[in-house]
Amino acid sequence: MFCTAPPAWAGDELPQLEADALDGTHVTLPGAAGDKPFILVVAYDRSAKDATQQWAHELLKAVGARATIYAVIDAAGAPGFVHGLITSDVAKSAPAAQPQHRSNILITFDRAGWPGLAPAGDKHDPAIVVVDGSHHVVLAKREPFGNDALAEALKAI
């Protein structure tokens, strides 16, 4: 059994979260974002890989410099002997032509805080968590990508 933080809901301050970026840096949020708004796109299951990539890509195109987009792989449920394989697989699927994005692709093997960021949902759908510049959750949802869902996330920034 693992311990999770209570869910982050709109208006709550984002709890401290830690993960490792593909560029090798250890990232602690919300501190790493400074006072800039950011969006977390969190995959809790391998089956959410394509949806996570689509969400992150479309958000990055639409948001530009207004907010930082973090794509997060929560692999805490994976046994330790496959952690290297997961990291390698994520690195291979990351946009190699755009190394600047490697600092925003995060992997965590720690359950602290990540599972409670958004309401439960289908394992194929990532969590979308919009955080304002003062580190408060503005929107937390889990749903498939769609134009209406994208518009809702963008409106929250």
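The rules behind these values
- Residues numbered from 1 in each chain as written.
- Predicted model: local features only at pLDDT ≥ 70, side-chain atom pairs only at ≥ 80, totals over all residues.
- Heavy atoms only, no water.
- Salt bridge = Lys/Arg side-chain N within 4 Å of Asp/Glu carboxyl O.
- Helix = DSSP H or I, 4+ residues; strand = E, 2+ residues; numbered from the N terminus.
- Buried < 20%, exposed > 50% of the residue type's maximum accessible area, 1.4 Å probe, protein only.
- Core = buried A, V, L, I, M, F, W, Y, C linked by side-chain atoms within 4.5 Å.
- Contact = heavy atoms within 4.5 Å.
- Phe/Tyr/Trp six-rings, centres within 6.5 Å; stacked < 30°, edge-to-face > 60°.

Please clarify how the pattern of salt bridges should be interpreted in this entry.
Side chains that differ in sign of charge can pair as their charged atoms come close. For the coordinates displayed, the defined rule picks out three salt bridges. Here Lys-141 and Glu-152 are joined by a salt bridge, their closest N and O atoms 3.2 Å apart. Residue Lys-141 is found in strand S7 (residues 137-142), and its partner Glu-152 is found in helix H3 (residues 147-155); the two are separated by 11 residues along the sequence. Taking the relative accessible area as the measure of exposure, Glu-152 reaches 36% and is therefore partly exposed. Each member of the salt-bridge network shares a partner with another, and the members are Lys-141, Glu-143 and Glu-152.

Help me out: how do you make sense of the nonpolar core in this one?
Burial of nonpolar side chains together is a common tendency in soluble globular proteins. Leu-14, Leu-29, Leu-40, Trp-114, Leu-117 and Val-129 are the most contacted members of the largest nonpolar core, which has 22 residues in total. For this core, the secondary-structure elements that each account for two or more residues are strand S1 (17-21), strand S2 (26-29), strand S3 (38-43), strand S4 (68-74), strand S6 (127-131) and S7. If we skip the residues at most four places from it in the chain, Leu-40 touches Leu-14, Leu-17, Leu-29, Tyr-70, Val-72, Trp-114, Leu-117, Ala-127, Ile-128 and Val-129. Listed in part, the 16 residues of the second largest apolar core include Trp-55, Val-63, Ile-69 and Ala-153.

Where do I start with the packing of aromatic side chains in this structure?
Here a ring pair, both rings aromatic, is described through the centre-centre distance and the interplanar angle of the planes. For the structure on display, the rule yields two aromatic pairs. Ring geometry for Phe-38 against Tyr-70: centres 5.8 Å apart, planes inclined by 85°, an arrangement best described as edge-to-face. Taken as a pair, Phe-38 in strand S3 and Tyr-70 in strand S4 lie far apart in primary sequence, 32 residues in all. Judged by its relative accessible area of 0%, Phe-38 falls in the buried class. Geometrically, the ring pair formed by Trp-55 and Phe-145 is edge-to-face, given 5.2 Å between the ring centres and 85° between the ring planes.

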